[in-house]
Amino acid sequence: LRTSVKNRAENLMIVDLLRNDLSRVCEPGSVHVPKLMGIESFATVHQMVSTIRGIVDPKYTAIDVIAASFPGGSMTGAPKLRSVDILDDLELGNRRGPYSGCLGYISLSGAMDMNIVIRTAVVAPDRLSNDEKSWEVAIGAGGAITALSESDDEFDEMLLKASAIKKSVKEWYNNESTKDS
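Described in the following lines is the structure provided in the data block. (Residues numbered from 1 in each chain as written. Predicted model: local features only at pLDDT ≥ 70, side-chain atom pairs only at ≥ 80, totals over all residues. Heavy atoms only, no water.)

**Regarding the overall build of the protein chain**
From N to C terminus, the protein chain includes five helices and six strands. In the protein chain, the succession of helices and strands from N to C terminus is α-β-β-α-α-α-β-β-β-β-α. Reported as C-alpha extents along the three principal axes, the dimensions of the protein chain are approximately 60 × 45 × 35 Å. Buried residues in the protein chain amount to 24% of all 181 residues. For the protein chain, contacts bridging at least 24 residues in sequence account for 49% of all contacts bridging at least 6. For the protein chain, the accessible area works out to roughly 12,300 Å², and carbon and sulfur atoms hold 55% of it. Across the protein chain, 20 positive and 25 negative side-chain charges occur, with their mean positions spaced 4 Å apart. (Helix = DSSP H or I, 4+ residues; strand = E, 2+ residues; numbered from the N terminus. Buried < 20%, exposed > 50% of the residue type's maximum accessible area, 1.4 Å probe, protein only. Contact = heavy atoms within 4.5 Å. Areas by Shrake-Rupley, 256 points an atom, 1.4 Å probe, with all protein chains shown as cover. Lys, Arg positive; Asp, Glu negative; His and termini not counted. Charge placed at Lys NZ, Arg CZ, Asp CG, Glu CD.)

Now the structure itself:
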């Protein structure tokens, strides 16, 4: 991951997008990158991570920062707004639900901590079934496609990212379905 030209280019594009987004609402010269292309390891995946920070200009609020930053470049690519239009066409107008949205908090002091919702599962009662144990499951996971991408590799990466969520949903379902047995 650390030596992948494709992954490094992808991460740098995201960093550049977010630096640009934050520069619209932060004090001039305050946007900086204290961590660039670090590798964080988790139980099921290794992730390349960069941190972008800035000091918000007092004339803006936390909501302005969110508005300036979304849609998230890690979910859209560049150019962001055109990419969203293309994704909407490719996804046939299907809504993503919380996947690729934003989750976090804004305190009364204006401090906030947000992230982009990735690798998600939405589990809801099956609307077309009268069976109380029938569920609809939508799993959100993806990968970035760049000029250096290999389609099979991207598909395999997406399946890998979704596999831990799929396993968790199966475990939940197995526990749920045996409760009344």
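From this point, the discussion proceeds with the structure in view.
**Structural notes on the pairing of strand β1 (residues 32–41)**
Here β1 pairs with strand β2 (residues 46–53) via six bridges, running antiparallel. Counted as the bridge partner of K35 is T51 from β2. Here β1 folds back onto β2 in antiparallel fashion, the turn holding four residues. (Pairing = 2+ DSSP bridges.)

**Quick notes on helix α1 (residues 5–23)**
A rise of 1.5 Å per residue sets the reference length of α1, with its 19 residues, at 27 Å; its end C-alpha atoms lie 27 Å apart and thus fit the reference within 8%. Of the positions making up α1, those classed as buried are K6, N7, E10, N11, V15, L17, D21 and L22. At its buried positions, α1 is contacted by β1, β2, α2 (62–69), α3 (73–76), α4 (80–90) and α5 (151–177). (Expected span 1.5 Å × (residues − 1).)

**Comments concerning the nonpolar core**
Listed in full, the seven residues of the largest apolar core are V15, L22, V25, C26, I52, V65 and A68. Elements with a minimum of two residues in this core: α1 and α2. Once you skip the residues sitting within four places of it in the chain, L22 turns out to touch V31, I52, V65 and S69. (Core = buried A, V, L, I, M, F, W, Y, C linked by side-chain atoms within 4.5 Å.)

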